[in-house]
Amino acid sequence: MFPRSAKIFSFLVLLFCSLLSSSALAQERASIGEYRSRNFLLRTDLDKEESAELLNRLETMLDLISRYWGKKNAGLIEIYVFENTANWSSDTIPPQAWDSVTSGGGLTMTQKRTIGRAWQAKAIVYAIADRGTPQHEAVHAYCAQAFGSTGPVWYSEGMAEVGKYWQDPKDKSVTCDPYVIEYLKSVERKPLKEIVDLNQFTGDSWQNYSWRWTLCHLLGFNENYSQRFKPLGLALMTEVPNVTFWTVYGSMAKEIEFEHKLFVENLCVGYRVDLCSWDWKTKFTPARGSRTVSSKIEASEGWQASRLEVEDGQTYSVSTTGEWTIEADGEQLTAAGDDEGYGRLIGVLFNDYELSEPFDLGSEETFTARGDGQLYVRCQDDWGQLADNEGSISLRLQLMRSE
Ligand SMILES: [Zn+2]
């Protein structure tokens, strides 16, 4: 379901009445056309060209999501798309669906028949023509038909939003609407516990939908969590008993909370949670005597482990070799970066799931730690533009002898 207003809708309505016959609708108004594609039967007041374009978008998305979940679409999805509700007659549309579309949203109704342990589900989608609502609802329809349910609200609505924004199988970058990003960065972050709370209802608000999207996008694409995410989703949609977010991710909750905070803070179009996956594995070590701590830092990734555990007040020597670029065919830069500081090696201290303010490293010969912690470093660049960076720099850190 896709909300526009704060109106409350019921979730996943199970219709046991007979479905509207297509011929009745087709005859009703001249302006309502019927169009077919491989997986969709579209009835709409959009014109022929717009309908073809929409079906194309829906098929592309369906192809992506069915490959993601590893199951073919389980039957033709009937979809009603409303450009102008004045072209339609309300008595041919189920009342809840009519309420949804007249308030600018959408609704997916699923009829599920169970015989013994076998079941069959048939979904019908009602959606307004804009803001990705048909795609959002089509994700629900696919999930309901393929798996029998769409999972708890956080997963169901979060993944419908992920599907709505997904355009290319290889592209993991954030493509959501700028107003969503603006909202997410302007309010206090919702903690995991609230996002995955089971006492939520669908259609509550687009703001809640955007929080669910942040979590599903993060878990789906961040390399620390993505492997467990798909099996979790499949278990939730097929209603495997006793499987929840917490049974799968509970032991990593602190790490996810930290990365979720980082994601929301740095969120922008083009942001890549995969490239910014936090390195929880590399061992850090304090610099003792004349020992050198070395690491290789990639231009195209977010914060990376320097391996150095720093101590408050200690001064360390910094030496770097190598060059990197921060745009396609861009100028080769050293760790000092360009005149504006782009391409410069910068650092941050991680201590007990908190980060210090970032500080300059690449143009310095030494740095003095302002606190204890693990030193993470990266190539200074806009968060949404890491993917086109190339090259790496070797970093060597050493404790300065106090004379
Ligand atoms: Zn929805």
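Residues numbered from 1 in each chain as written. Predicted model: local features only at pLDDT ≥ 70, side-chain atom pairs only at ≥ 80, totals over all residues. Heavy atoms only, no water.

### Regarding the domain arrangement of the protein
Here comes step 1: Once the domains are mapped, the protein shows domain 1 (22-266) and domain 2 (285-399).
Here comes step 2: Taken over C-alpha atoms, the centre of domain 1 sits 40 Å from the centre of domain 2.
Here comes step 3: At the interface, six residues of domain 1 touch seven residues of domain 2.
Here comes step 4: Regarding the contact of domain 1 and domain 2, the summed buried area is about 570 Å², with carbon and sulfur atoms giving 66% of it.
Here comes step 5: Of all residues in domain 1, the largest losses of buried area upon contact with domain 2 belong to Lys254, Phe258 and Asn266, amounting jointly to 72% of the total for that side.
Here comes step 6: On the surface where domain 1 and domain 2 come into contact, there are zero salt bridges.
Here comes step 7: Where domain 1 touches domain 2, the interface holds two residue pairs in polar contact (both at pLDDT 80 or more).
Here comes step 8: Looking at side-chain class alone, the side of domain 1 that touches domain 2 contains two nonpolar, one polar and three charged residues. (Domains from an automatic or database assignment. Contact = heavy atoms within 4.5 Å. Buried area = accessible area lost by both parts, 1.4 Å probe. Salt bridge = Lys/Arg side-chain N within 4 Å of Asp/Glu carboxyl O. Polar contact = N/O pair within 3.5 Å; in protein donor to acceptor, adjacent residues only side chain to side chain. Nonpolar A, V, L, I, M, F, W, Y, C, P; charged D, E, K, R; others polar.)

### A short note on the environment of Glu357
Here comes step 1: Along the polypeptide, Glu357 turns up in the loop between strand S12 (354-355) and strand S13 (359-360).
Here comes step 2: On the basis of relative accessibility, which here comes to 66%, the residue Glu357 falls in the exposed class.
Here comes step 3: Sequence spacing of Glu357 and Gly347 is 10 residues, and the spatial spacing of their C-alpha atoms is 8.6 Å.
Here comes step 4: Contacts of Glu357, omitting those with residues within four sequence positions, involve Gly347 and Val348. (Helix = DSSP H or I, 4+ residues; strand = E, 2+ residues; numbered from the N terminus. Buried < 20%, exposed > 50% of the residue type's maximum accessible area, 1.4 Å probe, protein only.)

### Notes on unusual backbone geometry
Here comes step 1: The residue Glu239 is not glycine, and still its phi comes out positive at about 55°.
Here comes step 2: Inspection of the secondary structure assignment puts Glu239 in the loop between helix H9 (226-237) and helix H10 (245-249).
Here comes step 3: Judged by relative accessible area, which is 54%, Glu239 ranks as exposed.
Here comes step 4: Of note, the phi angle at Asp352 is positive, near 50°, even though the residue is not glycine.

### Brief notes about the packing of helix H2 (residues 48-69) against helix H4 (residues 133-147)
Here comes step 1: Axis separation between H2 and H4 bottoms out at 10 Å; the angle between their running directions is 45°. Between H2 and H4, the interaxial angle falls into the category oblique. The chirality of how H2 crosses H4 is right-handed. Between H2 and H4, the residues in contact are Leu54, Arg57, Leu58, Met61, Leu62, Ile65, Ser66 and Trp69 and Pro134, Gln135, Ala138, Val139, Tyr142, Cys143 and Phe147, respectively. (Axes fitted to C-alpha atoms, helices over the stretch in contact; angles between N-to-C directions. Parallel < 35°, antiparallel > 145°, perpendicular 65-115°, else oblique. Left-handed = near helix turned anticlockwise from the far one by under 90°.)

### A short note on the packing of aromatic side chains
Here comes step 1: Scanning all chains against the criterion turns up 37 aromatic pairs.
Here comes step 2: Centroid distance Phe245 to Trp246: 4.8 Å. Interplanar angle 90°. Geometry classified as edge-to-face.
Here comes step 3: On the basis of relative accessibility, which here comes to 2%, the residue Phe245 falls in the buried class.
Here comes step 4: Pairwise contacts between aromatic rings join Trp154, Tyr155, Tyr225, Phe229, Phe245, Trp246 and Tyr249 into one cluster.
Here comes step 5: We note Lys112 situated over the ring of Trp119; from NZ or CZ to the ring centre the distance is 5.2 Å.
Here comes step 6: Here the basic side chain of Arg378 rests over the ring of Trp303, its NZ or CZ set 5.3 Å away from the ring centre. (Phe/Tyr/Trp six-rings, centres within 6.5 Å; stacked < 30°, edge-to-face > 60°. Lys NZ or Arg CZ within 6 Å of the ring centre and 35° of its normal.)

### Considering a negative patch on the surface
Here comes step 1: Together, Glu327, Asp329, Glu331, Asp339, Glu340, Asp388 and Glu390 line one region of the surface with negative charge.
Here comes step 2: Looking at the secondary structure, you find Glu331 in the loop between strand S10 (324-325) and strand S11 (345-351).
Here comes step 3: Taking the relative accessible area as the measure of exposure, Glu331 reaches 59% and is therefore exposed. (Patch = residues over 30% accessible without salt bridge, like charges linked within 9 Å, V, L, I, M, F, W, Y side chains within 5 Å. Areas by Shrake-Rupley, 256 points an atom, 1.4 Å probe, with all protein chains shown as cover. Lys, Arg positive; Asp, Glu negative; His and termini not counted. Charge placed at Lys NZ, Arg CZ, Asp CG, Glu CD.)

### Quick word on the pattern of salt bridges
Here comes step 1: Under the defined criterion, the tally for this structure stands at 14 salt bridges.
Here comes step 2: We note a salt bridge from Lys261 to Glu265, for which the minimum N-O separation is 3.6 Å. On the criterion of helical spacing, the pair formed by Lys261 and Glu265 is a turn pair, its members being four residues apart in helix H11 (residues 253-266).
Here comes step 3: Taken together, the shared-partner salt bridges connect Glu34, Arg43, Glu78 and Lys122 into one network.

### Details of the sheet that holds strand S3 (residues 77-82)
Here comes step 1: Strand order in the open sheet formed by five strands is S1-S2-S3-S5-S4, with mixed pairing between adjacent strands. The sheet terminates laterally at strand S1 (33-36) and strand S4 (106-115), the two strands that pair on one side only. When strand polarity is set aside, the average angle formed by the axes of neighbouring strands in this sheet is 15°.
Here comes step 2: Taken together, the 10 bridges between S4 and strand S5 (residues 118-128) define a ladder with antiparallel strand orientation. In the strand pairing of S5, Gln111 is matched with Lys122. (Pairing = 2+ DSSP bridges.)

### So, the packing of helix H8 (residues 206-221) against H11
Here comes step 1: Closest axis-to-axis distance for the H8/H11 pair is 10 Å, and the angle between their directions is 115°. When the axis of H8 is compared with that of H11, the two are roughly perpendicular. Relative to H11, the crossing made by H8 is right-handed. Every residue of H11 that contacts H8 at Trp211, Trp213, Thr214, Leu215, His217, Leu218 and Leu219 is listed here: Ile256, Glu259, His260, Phe263 and Val264.

### Some details on H8
Here comes step 1: If you check H8, its first and last C-alpha atoms are 22 Å apart, about what 16 residues at 1.5 Å a residue would give, namely 22 Å.
Here comes step 2: Where burial is concerned, most of H8 is hidden: 13 out of the 16 residues are buried. (Expected span 1.5 Å × (residues − 1).)

### Focus on the nonpolar core
Here comes step 1: The biggest cluster of nonpolar side chains holds 77 residues, and the ones touching the most others in it are Trp69, Trp154, Phe229, Tyr249 and Ile256.
Here comes step 2: With nine residues, the single largest contributor to this core is H2.
Here comes step 3: Two domains each provide a minimum of three residues to this core, namely domain 1 (22-266) and domain 2 (285-399).
Here comes step 4: Residues Ala299, Val310, Leu349 and Ile393 belong to the second largest nonpolar core, which totals 23 residues. (Core = buried A, V, L, I, M, F, W, Y, C linked by side-chain atoms within 4.5 Å.)

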